[in-house]
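# Report on the structure
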Amino acid sequence: MSRTEEVTLTNMCMIYDGSKVLVQERIDDDYGGITFPGGHVEKSESFTDAVIREVFEETGLKISSPKLCGIKDWMNDDGSRYMVLFYKTDQYEGELISSDEGEVYWLELEEMKQIHLADGMDKMLEVFLDDNVSEYFFYKENGELLGMLK
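In short, a report on the structure.

Analysis parameters
Residues numbered from 1 in each chain as written. Predicted model: local features only at pLDDT ≥ 70, side-chain atom pairs only at ≥ 80, totals over all residues. Heavy atoms only, no water. Helix = DSSP H or I, 4+ residues; strand = E, 2+ residues; numbered from the N terminus. Polar contact = N/O pair within 3.5 Å; in protein donor to acceptor, adjacent residues only side chain to side chain. Contact = heavy atoms within 4.5 Å. Buried < 20%, exposed > 50% of the residue type's maximum accessible area, 1.4 Å probe, protein only. Pairing = 2+ DSSP bridges.

### Some points on the side chain of Glu45
Structurally, Glu45 is set in the loop between strand E3 (32-35) and helix H1 (47-59). There is a polar contact of 2.9 Å between the side chain of Glu45 and the backbone nitrogen of Glu42. Apart from residues lying up to four places away in sequence, Glu45 is in contact with His40, Ala50 and Arg53.

Here it is as structure tokens:
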């Protein structure tokens, strides 16, 4: 049995400043709503470099000292795995600029619970905020995709 598998690696970063977080209102048809900035890890790119690059491309901010705080993952129908590495930081500089991915703006963390979040973002917030939760894992049971926090 092989221990290797095909994996798509992505990231997402919660940038915070006191009680405010930087959110992105994604306009993607497949994944719309309020989320945090992030994107794909390029081949041969370090995970840390990827999240720094993606945040800059989507927000105009140069982050530093991103801390890995959890993951979200699931198996695709083709047998490959999809992973989202969650980071957070309060270290940033630059001027906030939105991108084609969606508008970015600061929002009180508590306000996030009262607006249209991207699918699963409510559970992802638990991974970002609760030091006792490190994974949001999806699995299929009786043909239905279910998610659990671990």
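Alright, that's what it looks like, and here's the rest.
### Some words on the pairing of strand E4 (residues 61-64)
The two faces of E4 differ: Leu61 and Ile63 on one face are buried, but Lys62 and Ser64 on the other face are not. Across four bridges, the pairing between E4 and strand E7 (residues 91-94) is antiparallel. By the bridge assignment for E7, Ser64 is matched with Gln91.

### Considering unusual backbone geometry
Within the chain, Ser44 stands out as a residue other than glycine whose phi angle is a positive 70°. When its relative accessible area of 80% is taken as the criterion, Ser44 is described as exposed. Its identity as a non-glycine residue notwithstanding, Asn142 has a phi of 55°, on the positive side. Mapped onto the fold, Asn142 is located in the loop between strand E9 (135-141) and strand E10 (144-149).

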